[in-house]
Amino acid sequence: MPRWPRWGTGYRGSTPTCGSCATAASACSPPGAGSPAIDLAITITGLGDPVAYTGLAARAVAIAPGYGPVAALEREIALAKCWTAVELLAGVTTGNAHVPAATVTYLRERLPDWIRAILAIP
């Protein structure tokens, strides 16, 4: 199933091909088939929480029933969010991402407990 298109205008009016987090980490992937959770995860502010993932998954499944069931999509969104955060930190480590120090500190302080919380999602 094709992923949802990414919207917006890129640098100098170009058409973007990546979500904002992936762009920051230089971890862009070509458009194509993949889990819709990848595109949905970047729409949640910060790391999010199970309530945010459930709400987003329910809305997405209501629009596109093929993305369901809600519980499975909720977990996929959480895992995609985790992947995005790890890729962002990897980009910082390698020098490929220019991220404010406050964002890096936020992720380093909160990521371990947050990962434990999302692992508890059934």
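Relevant structure appears above.
Calculation rules
Residues numbered from 1 in each chain as written. Predicted model: local features only at pLDDT ≥ 70, side-chain atom pairs only at ≥ 80, totals over all residues. Heavy atoms only, no water. Axes fitted to C-alpha atoms, helices over the stretch in contact; angles between N-to-C directions. Helix = DSSP H or I, 4+ residues; strand = E, 2+ residues; numbered from the N terminus. Parallel < 35°, antiparallel > 145°, perpendicular 65-115°, else oblique. Left-handed = near helix turned anticlockwise from the far one by under 90°. Contact = heavy atoms within 4.5 Å. Nonpolar A, V, L, I, M, F, W, Y, C, P; charged D, E, K, R; others polar. Salt bridge = Lys/Arg side-chain N within 4 Å of Asp/Glu carboxyl O. Buried < 20%, exposed > 50% of the residue type's maximum accessible area, 1.4 Å probe, protein only. Expected span 1.5 Å × (residues − 1). Lys, Arg positive; Asp, Glu negative; His and termini not counted.

Notes on the packing of helix α3 (residues 50-63) against helix α4 (residues 70-94)
Following both chains from N to C, one finds α3 and α4 inclined at 125°, their axes separated by 8 Å at the closest point. As far as their axial angle goes, α4 and α3 are oblique. Handedness of the crossing formed by α3 with α4: right-handed. Along its contact with α3, which presents Pro50, Tyr53, Thr54, Leu56, Ala57, Ala58, Ala60 and Val61, the element α4 presents Val70, Leu73, Glu74, Ile77, Ala78 and Lys81. Of the residues that constitute the contact of α3 with α4, the class distribution is 11 nonpolar, 1 polar and 2 charged.

Focus on the pattern of salt bridges
Enumeration according to the criterion identifies 2 salt bridges in this entry. Among the salt bridges present, the one from Glu109 reaches Arg110, with a minimum N-O distance of 3.7 Å. Overall, Arg110 belongs to the partly exposed group, its relative accessible area being 41%. The closest approach of N and O atoms between Arg116 and Asp113, which form a salt bridge, is 2.6 Å. Of this pair, Arg116 and Asp113 both sit in helix α5 (residues 101-119), 3 residues apart, which is roughly one turn of that helix. When its relative accessible area of 53% is taken as the criterion, Arg116 is described as exposed.

Side note on α4
If you check α4, its first and last C-alpha atoms are 36 Å apart, about what 25 residues at 1.5 Å a residue would give, namely 36 Å. Taken residue by residue, α4 has Leu73, Glu74, Ile77, Ala78, Ala80, Lys81, Cys82, Thr84, Ala85, Leu88, Leu89 and Gly91 as its buried positions. Trailing α4 by a residue or two, Gly95 shows a phi angle of about 85°, which is positive.

Considering the environment of Val104
Checked against the element boundaries, Val104 lands in helix α5. Distance in space between the C-alpha atoms of Val104 and Leu89 is 7.1 Å, their sequence separation being 15 residues. Setting aside residues up to four positions removed in sequence, Val104 forms contacts with Leu89, Val92 and Val99.

Remarks on the environment of Gly48
Considering the arrangement of structural elements, one finds Gly48 in the loop between α2 (36-41) and α3. Beyond its immediate chain neighbours, meaning those up to four positions away, Gly48 contacts Tyr53 and Trp114.

Re the environment of Pro122
If you trace the backbone, Pro122 turns up in the segment after α5. Residue Pro122 is classed as exposed on the basis of its relative accessible area of 84%. Measuring from C-alpha to C-alpha, the distance between Pro122 and Glu74 comes to 9.3 Å, with 48 residues separating the pair along the chain.

Let's talk about the side chain of Glu74
For Glu74, the location among the structural elements is in helix α4. Notably, Glu74 is buried but unbridged: the nearest opposite-charge side chain belongs to Arg75, and the N-O separation is 8.6 Å. The contacts of Glu74, once residues within four sequence positions are left out, are Pro50, Tyr53, Thr54, Ala57 and Ile121.

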